[in-house]
Amino acid sequence: MIAMRGITKRYVMGDQEVRALDGVDVDIKRNEYVALIGASGSGKSTLMNLLGCLDTPTSGSYLLNGRDTATLDDTELARVRNREIGFVFQSFHLLPRMSVLDNVAQPLVYRGTPRGERLKRARESLDRVGLGNRLSHRPNQLSGGQRQRVAVARALVGEPSILLADEPTGNLDTRTSAEIMALFDALHGQGQTVIVVTHEPDIAAHCRRTVRMSDGRIVEDRSNADRVTEHA
Amino acid sequence: MQALLEAFRAALVSLLANRLRSVLTTLGIVIGTASVIAVVSLVQGFSESIKQQLAGLGGSTLTLEAVNTNENILFGKINRITFEDLETLRYRVPGVAAVAPVMIVQTPNISYRDRTVTSEVRASTADYAPVYGRFPVKGRFIASADDQGRRRVAVIGNELVEELNLPDDPLGEYIRIGSEWFRIIGVMEKQGDLLGFSLDNYVVIPFDVGRAINGNQLRPFMQVSFTIDDVDQVDAVRDRAKRAIQTARAGTADDDTFRIQAADSVVKQFEEITRTTTAVVGGVVGISLLVGGIGIMNIMLVSVTERTREIGVLKALGATRRDILVQFLLEAALLALLGGLIGIAIGWGAGALIASLIPGFPPAAVPIWVILGAAGFSALVGVVFGIMPASKAAGLDPIEALRYE
């Protein structure tokens, strides 16, 4: 589903050129459960931005479901994000003025889905994350764990190819983190492709495959075979 | 359409979230629109009432009057309408029907028993009634015989009955105008007020009687109104009258010393004044709306900065540049339109209040085109001044925006 070949990303900062990614090749198949780990400055955030089609590479090709996204313009990238990617952020990034239900339904607005249909699918999505009874609350009336569940529901509502989570447990305590990761495990069990960007080994251990970044390159790519058997 | 509706909803939600700020932001637009509506409503009401007053004078009544520039008056060379002009008009211009000269008699004191009031005394002929379209409600008007016989008779305006404390049926009573006694033979129909001045405070006496009282001046101040046989011939008759008077005055007067006007040209003049005033006020208020628009732009820019992260999130969720642009543009337009609507309501109220506080001022009138124009223009101001903030929002890089603290 994801095929990246020779991806590089360079930034110019002042008169210095920074090579954030320096030749990355990676394939991710449907229903994989991948942890993207690495120290800060390793290039994992840059890779996540590229995977999430928030940005385009300086060179290389990125086939997402057979489509090369490296050459798309802003509007086409927005369409791809809307249909293929479900984002979960570290600090939730819910829209504070909207109800939980409207927050979850928001991605469908950009697809032109009629409101009735949107709200129905948002409700279903909230049921999937176990929050079917908090529809009319505002995000600030919820706990951190509940907010992140809302964010997951929002990411799922458009039935994306990839659930892309950036440090999803970074703002949560250990117990709530475990709940969120259990939710990811369950979604993976239902066939969802999940990519988690993290620097915490505990979180990475939930995944079936670990990709480790360092200095803009992939330095380790292994499957967590022991955990596969444990979960199976 | 669906997308526009969604953007509209989003804009509304965001405005309602900051109610106080939204209202304060629109204040410039509110004040601008309110002042234009108030002023225009007063001017329009004024012009409506003048039109109604003059409505009785149709296009078939023409007026011959002298033209005097300030220069003329300074040098004491004052142009007047002469008795010769009157004769010319009456007998030598085909197509002229009735001719009514009006001379103001300079004896303003009128008494009845122990009451003395000041009024306007007009000396005119029997043709006054048909030419001006004003008729007596009691008794009769001046007849030609009154003129020829130099009879001391008077037709009085409605208000004088009360002012002079005359009996309910004043016909046959004697009033004193200056030092002469006049018998009342008629009371004119009521005309009402114009700008707080009564139009019913006057006396009409026979023309030649007035001439005698004025001391048989050769060239008194005089204005002549006349009607024509065929309304369609108005321009032809006017030209004919002009030429006839010029010919009769040959060698003694320039052709710019008098003019002949249709009565409805006064209405047209008022309409012109109304239009000019409205345009000037509109221009001044346009400037205040621009200031209001800059206020909106300012707040929208602040709002875009504040909501940078939110914009980043929306972009991550799949909002295109256009989605963001439309949402912020609509927000600015709604803000300005809201201000416009509040301003229209306040201006309407203020106009009505001012009109009712000034005695005799006609009621304010707000034409629908002013309302639509004001609302449309405020929305346009919002869109124009929303373009910069909205394109700033739309152009944000999602990665930068998401990282924004």
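Scoring rules and cut-offs
- Residues numbered from 1 in each chain as written.
- Chains lettered and ligands numbered in written order.
- Predicted model: local features only at pLDDT ≥ 70, side-chain atom pairs only at ≥ 80, totals over all residues.
- Helix = DSSP H or I, 4+ residues; strand = E, 2+ residues; numbered from the N terminus.
- Rg over C-alpha atoms; globule rule 2.2 N^0.38 Å.
- Buried ≥ 20, exposed ≤ 12 C-beta atoms within 10 Å, placed from the backbone.
- Contact = placed C-beta atoms within 7 Å.
- Pairing = 2+ DSSP bridges.
- Nonpolar A, V, L, I, M, F, W, Y, C, P; charged D, E, K, R; others polar.
- Core = buried A, V, L, I, M, F, W, Y, C linked by C-beta atoms within 7 Å.
- Domains from an automatic or database assignment.
- Axes fitted to C-alpha atoms, helices over the stretch in contact; angles between N-to-C directions.
- Left-handed = near helix turned anticlockwise from the far one by under 90°.
- pLDDT = per-residue confidence, 0-100.
- Parallel < 35°, antiparallel > 145°, perpendicular 65-115°, else oblique.

Comments concerning the overall build of chain B
Argument step 1. Of regular secondary structure, chain B possesses 15 helices and 14 strands.
Argument step 2. Taken over C-alpha atoms, the radius of gyration comes to 32 Å for chain B, far larger than the 22 Å a tight globule of 405 residues would show.
Argument step 3. Here the C-alpha coordinates of chain B stretch approximately 105 × 50 × 40 Å along the principal axes.
Argument step 4. Within chain B, the fraction of its 405 residues that count as buried is 42%.
Argument step 5. Relative to all contacts within chain B whose residues are 6 or more apart in sequence, the contacts with residues 24 or more apart total 83%.

What about helix 1 (residues 44-51) of chain A?
Argument step 1. Where burial is concerned, most of helix 1 of chain A is hidden: seven out of the eight residues are buried.
Argument step 2. Those residues of helix 1 of chain A that fall on the buried side of the exposure criterion are Lys44, Thr46, Leu47, Met48, Asn49, Leu50 and Leu51 of chain A.

What about the pairing of strand 9 (residues 209-214) of chain A?
Residue and element names in this part refer to chain A.
Argument step 1. Two strands pair when backbone bridges link them, and strand 3 (residues 33-38) and strand 9 are joined in this way by five bridges, in the parallel orientation. Bridge pairing in strand 9 links leucine 36 to valine 211.
Argument step 2. Where strand 9 meets strand 10 (residues 217-223), six bridges bridge the pair, whose relative direction is antiparallel. Directly across from serine 214, in strand 10, lies its bridge partner arginine 217.
Argument step 3. Linking strand 9 to strand 10, which pair antiparallel, is a turn of two residues; within it aspartate 215 sits at a positive phi near 50°.

A look at the environment of glutamate 400 of chain B
Argument step 1. Tracing the backbone through its elements, the reader meets glutamate 400 of chain B in helix 15 (residues 398-403).
Argument step 2. Once the C-alpha coordinates of glutamate 400 of chain B and threonine 116 of chain B are considered, the two residues, 284 residues apart in sequence, prove to be 89 Å apart.

Digging into the interface of chain B and chain A
Argument step 1. Across the contact, 19 residues belong to chain B and 20 residues belong to chain A.
Argument step 2. Contributing elements (two or more residues each) for the side of chain B that touches chain A: helix 1 (2-17), helix 12 (308-316), helix 13 (321-357) and helix 15 of chain B.
Argument step 3. When residues of the side of chain B that touches chain A are assigned to their parent elements, the largest contribution, six residues, is made by helix 1 of chain B.
Argument step 4. The class makeup of the residues in the side of chain B that touches chain A is nine nonpolar, four polar and six charged.

Notes on the sheet that holds strand 2 (residues 16-28) of chain A
All names here are of chain A.
Argument step 1. Spatial strand order, 2-1-4-5: four strands in an open sheet with antiparallel pairing. Here the strands that pair on one side only, and so sit at the sheet edges, are strand 2 and strand 5 (67-68).
Argument step 2. For strand 1 (residues 2-13) and strand 2, the ladder comprises ten bridges, and the chain directions are antiparallel. Paired with alanine 3 across the strands is aspartate 27, a residue of strand 2.

A look at the nonpolar core
Argument step 1. Within the largest apolar cluster, 124 residues are counted, with the highest numbers of intra-cluster contacts made by Leu36 and Val196 of chain A together with Ala332 of chain B.
Argument step 2. Element by element, the count of residues in this core is highest for helix 13 of chain B, at 14 residues.
Argument step 3. If we skip the residues at most four places from it in the chain, leucine 36 of chain A touches Lys44, Leu47, Met48, Ile195, Val196, Val197, Val211 and Met213 of chain A.
Argument step 4. Counting residues in hydrophobic clusters, the runner-up holds 49 residues, among them Leu62, Ala100, Ile110 and Val187 of chain B.

A few points about the domain arrangement of chain B
Argument step 1. Examined at the domain level, chain B breaks down into domain 1 (2-53 + 269-403) and domain 2 (61-263).
Argument step 2. Taking only C-alpha atoms, the centre of domain 1 of chain B and the centre of domain 2 of chain B are 53 Å apart.

Section: the packing of helix 13 of chain B against helix 14 (residues 368-394) of chain B
Residues and elements named next belong to chain B.
Argument step 1. Packing of helix 13 against helix 14 leaves a shortest axis separation of 7 Å and a crossing angle of 150°. Crossing handedness for the pair helix 13 and helix 14: right-handed.
Argument step 2. Across the contact of helix 13 with helix 14, the residue classes tally to 23 nonpolar, six polar and one charged.

What to know about the environment of valine 153 of chain B
Residues and elements named next belong to chain B.
Argument step 1. Considering the arrangement of structural elements, one finds valine 153 in strand 7 (residues 153-156).
Argument step 2. Residues valine 153 and tyrosine 174, spaced 21 residues apart in sequence, show a C-alpha to C-alpha distance of 8.8 Å.
Argument step 3. Setting aside anything within four residues of it in sequence, one finds valine 153 in contact with Ile142, Asp146, Phe182, Arg183, Ile185 and Pro206.

Concerning the confidence of the model for chain B
Residues and elements named next belong to chain B.
Argument step 1. Considering every residue of chain B, the mean pLDDT works out to 86; 95% of them sit at 70 or more.
Argument step 2. Per-element averaging of pLDDT across chain B places strand 10 (residues 193-194) at the bottom with 70 and strand 7 at the top with 95.
Argument step 3. Across the interfaces of the predicted complex, the ipTM metric reaches 0.92, alongside a pTM of 0.72.

Quick notes on the packing of helix 3 (residues 100-109) of chain A against helix 4 (residues 115-128) of chain A
Residue and element names in this part refer to chain A.
Argument step 1. Two numbers describe how helix 3 lies on helix 4: the axes approach to 8 Å, and their chain directions differ by 120°. Classified by the interaxial angle, the pair formed by helix 3 and helix 4 is oblique. By crossing handedness, the relation of helix 3 to helix 4 is classed as right-handed. Touching Val100, Leu101, Val104, Ala105, Leu108 and Val109 of helix 3 are Arg118, Leu119, Arg121, Ala122, Arg123, Ser125 and Leu126, all from helix 4.
Argument step 2. When grouped by side-chain class, the residues that make up the contact of helix 3 with helix 4 number nine nonpolar, one polar and three charged.

Section: unusual backbone geometry
It is generally the case that most residues other than glycine have a negative phi and that most peptide bonds are trans.
All names here are of chain A.
Argument step 1. Phi at asparagine 31 is positive, roughly 65°, even though this residue is not glycine.
Argument step 2. With respect to the helices, strands and loops of the structure, asparagine 31 is situated in the loop between strand 2 and strand 3.
Argument step 3. Despite not being glycine, aspartate 215 shows a phi value in the positive range, around 50°.
Argument step 4. The topology assignment puts aspartate 215 in the loop between strand 9 and strand 10.
Argument step 5. Judged by local crowding, aspartate 215 falls into the partly exposed class, with 14 C-beta atoms found within 10 Å.

Looking at the sheet that holds strand 7 (residues 162-166) of chain A
All names here are of chain A.
Argument step 1. Within the open sheet, the six strands sit side by side as 6-7-8-3-9-10. Their pairing is mixed. The sheet terminates laterally at strand 6 (85-88) and strand 10, the two strands that pair on one side only. Within this sheet the neighbouring strands show an average axis-to-axis angle of 20°, counted without direction.
Argument step 2. Across five bridges, the pairing between strand 7 and strand 8 (residues 193-198) is parallel. When the bridges of strand 8 are listed, isoleucine 162 appears paired with threonine 193.
Argument step 3. Contacting strand 3, strand 7 and strand 8, helix 6 (residues 174-189) crosses the sheet at an angle of about 150° to strand 8.

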